[in-house]
Amino acid sequence: MRLLRSAALLAVIGFSGVAQAQDTDAAFVPDTAAKVAVIMDGKTGGILFNKNGSAPFPPASLAKIMTAELLFEALASGRIALDATMPVSNHAWRTGGAPSRTATMFAAVRSSVPVEALERGLVVQAANDAAIIIAEGLEGSEAAFAARMNERAKALGMVDSRFVNPTGLPEGGQEVTARDMATLARHVRLTYPDRYALYAQPDFEWNKILQRNRNTLLAAKPGATGMATGFSEEGGYSIVGVVEGEGSGITILALAGLDKEQTRLKETIALADWAASTFEEKTIFPAGTPVASAPVFGGLAASVPLVLDSDLVAQIPKRHADRVTAQVRYDTPLQAPVRRGDKIGRIELRIEDRFSLERDLYAGEDVAEGTFAGRAADAIQELAFGWIRSL
């Protein structure tokens, strides 16, 4: 694997839209009371801020975002319809309903509830009975549903999270990370925009009981459009929040390890404000523009340009663009022939030397196989360098 890294790479290759920082403001990286925090650009998936983003914590009610994702997927695929009904088992009623004294939509035991109502109970009220009823209705049991949650998490790139139930109620072995939860929130927001809109519903009534949306960020922060809050004795107060600005701007925040509900709200708003004031969207590399070149072994050309298949767009610090660097990685030596469009490597953008986002790089040109003499010369050179590298 070959690595090209340069603090000047962006300017050298053509990122002329970035001006040098005018100062070395130490406050560029915010301070937060959250033990873990991730800020993600919803449009690109780029990480704007990361504090212990891969550290595990109990999800509590944040687990219901994954439960909702599986329900949304089932609705989108036609596996289930909104006007279908699901039965309320004795287990769902006792564990998540009125007797549980937890977040509940008060579904009556041994009744049948329309999927549309269960969806709203899950999303608006974070209802534990709704989560269990949905799990049993889709997969037959909480355990089978948890297995589907983990399969889906893996498919979405949530590499450090594990679910054991659909509610997030305390149970051994259940943990998530802020980065994984931000990834999940982005997926839900972009993949199911109509279903996601329910997260902004201010209240929901079922069984003649009206309850307000549990996400206090909605009322406190202009532009907030959803997601969920959680609390556990071990993990403290947590939140996944989405704040949207003008145009297509989407900021996703995942925080945990806070000591009070009021602190959670204050820290989430502060980080959202920091992101909005600090970053701006820029096109870093246009599609088709060479980002780097990679040597080719045994070809008519000695190297091949590496390009992107679409514009590389990212959120860049307005006054600290010099803190953005790029790394290009590819396997070497490449063996001719190389065809235009072959995937060759990846480019990674970093902010403050922390990972932000990465994209695939492709061969920008064909490189045909060279003559026998040329290939022989390349082979001798590779043997020589290989011998030197082995010392």
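Refer to the structure above for everything that follows.
The rules behind the values
Residues numbered from 1 in each chain as written. Predicted model: local features only at pLDDT ≥ 70, side-chain atom pairs only at ≥ 80, totals over all residues. Heavy atoms only, no water. Helix = DSSP H or I, 4+ residues; strand = E, 2+ residues; numbered from the N terminus. Contact = heavy atoms within 4.5 Å. Expected span 1.5 Å × (residues − 1). Buried < 20%, exposed > 50% of the residue type's maximum accessible area, 1.4 Å probe, protein only. Arc of directions from axis to C-beta. Axes fitted to C-alpha atoms, helices over the stretch in contact; angles between N-to-C directions. Parallel < 35°, antiparallel > 145°, perpendicular 65-115°, else oblique. Left-handed = near helix turned anticlockwise from the far one by under 90°. Salt bridge = Lys/Arg side-chain N within 4 Å of Asp/Glu carboxyl O.

1. Structural notes on the side chain of His187
When you line up the elements, His187 lands in helix H7 (residues 178-191). When residues no more than four places from it in sequence are discounted, the contact partners of His187 are Glu69, Arg152, Leu156 and Tyr192.

2. A look at helix H6 (residues 142-155)
In a regular helix each residue adds 1.5 Å, so 14 residues correspond to 20 Å; H6 covers 20 Å between its end C-alpha atoms and thus fits that length. Buried residues of H6: Glu142, Phe145, Ala146, Met149 and Ala153, and no others. Taken around the axis of H6, the buried residues stretch over an arc of 105 degrees, which confines them to a single face. Of the residues in H6, the exposed ones pointing more than 90 degrees away from the buried face are Ala143, Glu151, Lys154 and Ala155. Once H6 ends, the next one or two residues include Gly157, with phi positive near 85 degrees.

3. Here's the deal with the packing of helix H2 (residues 63-77) against helix H4 (residues 115-125)
The contact between H2 and H4 brings their axes to 10 Å, and the two run at 155 degrees. Relative to H4, the element H2 lies roughly antiparallel. As for the relative orientation of H2 and H4, their crossing is left-handed in sense. Taking contact as the criterion, the partners of Lys64, Thr67, Ala68, Leu71, Phe72 and Leu75 in H2 are, on H4, Val115, Glu119, Leu122 and Val123.

4. Some thoughts on the pattern of salt bridges
Applying the stated criterion across every chain yields a total of 18 salt bridges. The partner of Glu119 in a salt bridge is Arg195, and the shortest N-O contact between them spans 2.5 Å. In this pair, Glu119 is assigned in helix H4 and Arg195 in helix H8 (residues 193-196), connecting sequence segments 76 residues apart. The partner of Arg350 in a salt bridge is Asp353, and the shortest N-O contact between them spans 3.3 Å. Among the residues examined, Asp353 registers a relative accessible area of 39% and is labelled partly exposed. One salt-bridge network, held together by shared partners, links Arg79, Glu139, Arg148 and Glu151.

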